[in-house]
Amino acid sequence: MPERSLLDLDDLSSDDIIYILDRATRFHVAPPERNLLRDICVVNLFFEASTRTFTSFAIAEQRVGADIVALPPGSSSLGKGETIADTAITLAAMGVRVIVTRHPESGFPYRLAESFDGHVINAGDGRHAHPTQALLDLLTLATEFGRVAGLKVALVGDILHSRVARSNVIGLRRLGAEVILVGPQTLLPDAMAREGVRIERDLDAILPEVDALMLLRIQRERIASAVLPSLDDYARNYRLDAPRLAKLQPHAIVMHPGPYNRGIELTEEVFASSGWRYVQQVSHGVYVRMAVLDFLVNGRSA
Ligand code: NCD
């Protein structure tokens, strides 16, 4: 039987998600004493640029005591024609138990997981999924508000090409939040609406009603130029700036998965605003990833 992997948030029940968030909170308050992943070998296989996610996983792996190998994409034999399946078999034969992977192709971690006798963690695949980012976002909301259920959360910008948005929608719905997707037609087709997920084109109109805003980067590297909106138009309609900040409720928070593009999806005023939670998100990422590693490898502890 294949071991448990985390490829997207629909691999987890709402119970599992709550368990991981609780565990991450505990790790935040008091670092785990024992080496939870002692003698477990983890390979980090990243085929796409990453500052936050790569470093965050590496730190999390160290904090749970794993043995870590970073395999730079240029050094893997996938470039020499080896199949994903053969790479998976090879790594498993050396005793690798966990592969954390990021890849520009949607579905890559799924194909790896089919052949790998161990756990695969998706650290971002194409425009498809980024489950640990969604978990750290959920932890940020839960820490701020004491709950996720019933919160009104708006995701703003390039929803269509965003793996962060896709995984967040699953997680937010699982935990009972109300989701509003905000963006222009080209970056947010009407077809993305579904139960519990509302589509809005007018950012100004929804600002006074939300508890949290999640800003997203325009994924230029994944967008066909035909649908790329003019950045001026985009900024005029969707950039968070001082007048828009003033329309938020006093308790509302502003999140961004990073990397952010100053002047496009936000202005400098956002960094000084009381609701800006980017630093907390990044910090939560380490604890969430420790909790995910522990959950996959060791299961639930009593
Ligand atoms: C995101 C990603 O790579 O999916 N960043 C992240 O992991 N924190 C978002 C992005 O690239 O815009």
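This structure is a prediction, so every number in the text was calculated from the model and none was measured. Numbers given to residues run from 1 along each chain, matching the order in which its sequence is written. Reporting in this predicted model follows two pLDDT cut-offs: at least 70 for local features of residues, and 80 or more for side-chain atom pairs to be given and counted; totals over whole chains, interfaces and linings ignore these cut-offs and use all residues. Neither water nor hydrogens contribute to the side-chain values; these are computed over all heavy atoms in the structure.

### Here's the deal with the side chain of Asp8
Phase 1: Residue position: Asp8 is located in the segment before α1 (14-29).
Phase 2: For the exposure calls, accessible area comes from a 1.4 Å probe over protein chains only, and a residue counts as buried if that area is under 20% of its type's maximum, exposed if over 50%, partly exposed in between. Positive: Lys, Arg. Negative: Asp, Glu. His and the chain ends are not part of the count. Criterion for a salt bridge: a side-chain nitrogen of Lys or Arg within 4 Å of a carboxyl oxygen of Asp or Glu. Look at Asp8: it is buried, it has no salt bridge, and the nearest opposite charge is Arg166 at 7.1 Å.
Phase 3: Residues adjacent in sequence count toward polar contacts only when both atoms are side-chain atoms; beyond that, a polar contact is any pair of N or O atoms within 3.5 Å, and within protein one must be able to donate a hydrogen and the other to accept it. A polar side-chain atom of Asp8 sits 2.8 Å from a polar atom in the side chain of Ser167. Helical segments are the DSSP runs of H or I of at least four residues, strand segments are the runs of E of at least two, and each set is numbered from the N terminus.

### Quick look at the site of the ligand
Phase 1: Nearness here has a simple test: a residue counts as near a molecule or strand if at least one of its heavy atoms is within 4 Å of that partner. By nearness alone, every residue bordering the ligand is listed as Arg52, Thr53, Arg102, His130, Gln133, Arg163, Val164, Arg217, Gln219, Pro257, Gly258 and Pro259.
Phase 2: A distance of 2.9 Å is found between a nitrogen atom of the ligand and a backbone nitrogen or oxygen belonging to Pro257.
Phase 3: Taking Gly258, its main chain carries an N or O atom lying 2.8 Å from a nitrogen atom of the ligand.
Phase 4: With respect to the pocket detection grid, the ligand is positioned in the largest pocket.
Phase 5: Among the elements of the structure, α2 (52-63) and α6 (163-174) are those that each provide at least two residues to the shell around the ligand.
Phase 6: All amino acids are sorted into three groups, where Ala, Val, Leu, Ile, Met, Phe, Trp, Tyr, Cys and Pro are nonpolar, Asp, Glu, Lys and Arg are charged, and the leftover types, Gly among them, are polar. Partitioned by chemical class, the residues of the shell around the ligand number three nonpolar, five polar and four charged. In this analysis a 1.4 Å probe is tested at points of a 1 Å grid over the protein atoms alone, and where it fits but cannot get out there is a cavity; an open set with protein on both sides within 12 Å along at least five of seven lines is a pocket; lining residues have an atom within 4 Å of a point. Each molecule is assigned to a cavity or pocket provided more than half of its atoms lie within 2 Å of the corresponding grid points.

### Details of the nonpolar core
Phase 1: Formed by 63 residues in total, the largest nonpolar core has its most connected members in Leu135, Leu141, Leu155, Leu172 and Leu181.
Phase 2: No other element matches the 10 residues that helix α11 (residues 278-298) contributes to this core.
Phase 3: These domain limits were set by an automatic method or by a database of domain assignments. When residues of this core are assigned to domains, at least three map to each of domain 1 (9-129 + 285-298) and domain 2 (131-281).
Phase 4: Note on contacts: a residue pair is in contact if any heavy atoms of the two residues lie within 4.5 Å. Contacts of Leu172, omitting those with residues within four sequence positions, involve Leu138, Leu141, Val148, Val153, Leu155, Ala177, Val179 and Met214.
Phase 5: For our purposes a nonpolar core is just a set of buried Ala, Val, Leu, Ile, Met, Phe, Trp, Tyr and Cys residues, chained together by side-chain atoms within 4.5 Å. Core analysis: the next-biggest nonpolar cluster, separate from the first, contains 25 residues, Leu203, Leu207, Tyr238 and Leu266 among them.

### Considerations on the sheet that holds strand β8 (residues 212-215)
Phase 1: The strand order across the open sheet formed by five strands is β7-β6-β5-β8-β9, and the pairing between neighbours is parallel. The open sheet has two edge strands with one neighbour each: β7 (197-200) and β9 (253-255). When the angles between neighbouring strand axes are averaged without regard to direction, this sheet yields 20°.
Phase 2: When β8 meets β9, the two strands line up parallel, connected through three bridges. For Ala212, the partnering residue across the bridge sits in β9 and is Ile253.
Phase 3: As a rule, the C-alpha atoms of each element are fitted with a line to give its axis, helices using only the stretch in contact, and angles between N-to-C directions run from 0 to 180 degrees. The strands that helix α5 (residues 131-145) touches are β5 (152-156), β8 and β9; relative to β9, the one it contacts most, it runs at about 165°. Strands qualify as paired when DSSP identifies two bridges or more between them.

### What about the sheet that holds strand β1 (residues 41-46)?
In a beta sheet, neighbouring strands are held together by backbone hydrogen bonds and run either parallel or antiparallel to one another.
Phase 1: The strand order across the open sheet formed by four strands is β2-β1-β3-β4, and the pairing between neighbours is parallel. This sheet does not close on itself; its edge strands, each paired only once, are β2 (67-70) and β4 (119-125). Strand-to-strand twist of the sheet, defined as the mean angle between neighbouring strand axes without regard to direction, takes the value 15°.
Phase 2: The pairing of β1 with strand β3 (residues 96-103) spans six bridges and is classified as parallel. By the bridge assignment, Asn44 is partnered in β3 with Val100.

### Quick look at the side chain of Arg244
Phase 1: Residue placement: Arg244 occurs in helix α9 (residues 242-245).
Phase 2: Looking at Arg244, its side chain comes within polar contact range of the main-chain oxygen of Arg236, at 2.8 Å.
Phase 3: Setting aside chain neighbours within four positions, we find Arg244 in contact with Leu203, Asp204, Leu207, Ala235, Arg236, Asn237, Tyr238 and Arg239.

### Digging into the environment of Val120
Phase 1: Turning to its location among the elements, Val120 is positioned in strand β4.
Phase 2: Relative accessible area serves as the criterion here: at 0%, Val120 is assigned to the buried category.
Phase 3: The spacing of Val120 and Gly171 is 51 residues in sequence and 19 Å in space, taken between C-alpha atoms.
Phase 4: Not counting the four nearest positions on each side in its chain, Val120 is found in contact with Ser5, Leu6, Leu7, Ile99, Thr101, Pro109, Leu112 and Ala113.

### Some details on the layout of surface pockets
Phase 1: Grid points are joined across faces, edges and corners, and a volume is the space filled by probe spheres set on the points. Taken as a whole, the largest pocket encloses approximately 450 Å³ of empty space.
Phase 2: Listing elements by their share of the lining of the largest pocket, those giving two or more residues are α2, α5, α6 and α11.
Phase 3: Classifying every residue of the lining of the largest pocket gives seven nonpolar, 12 polar and eight charged.
Phase 4: In this structure, the lining of the largest pocket is formed jointly by two domains, domain 1 (9-129 + 285-298) and domain 2 (131-281), each of which donates at least three residues.

So, to be careful, I would describe these as geometric facts and stop short of saying anything about function.
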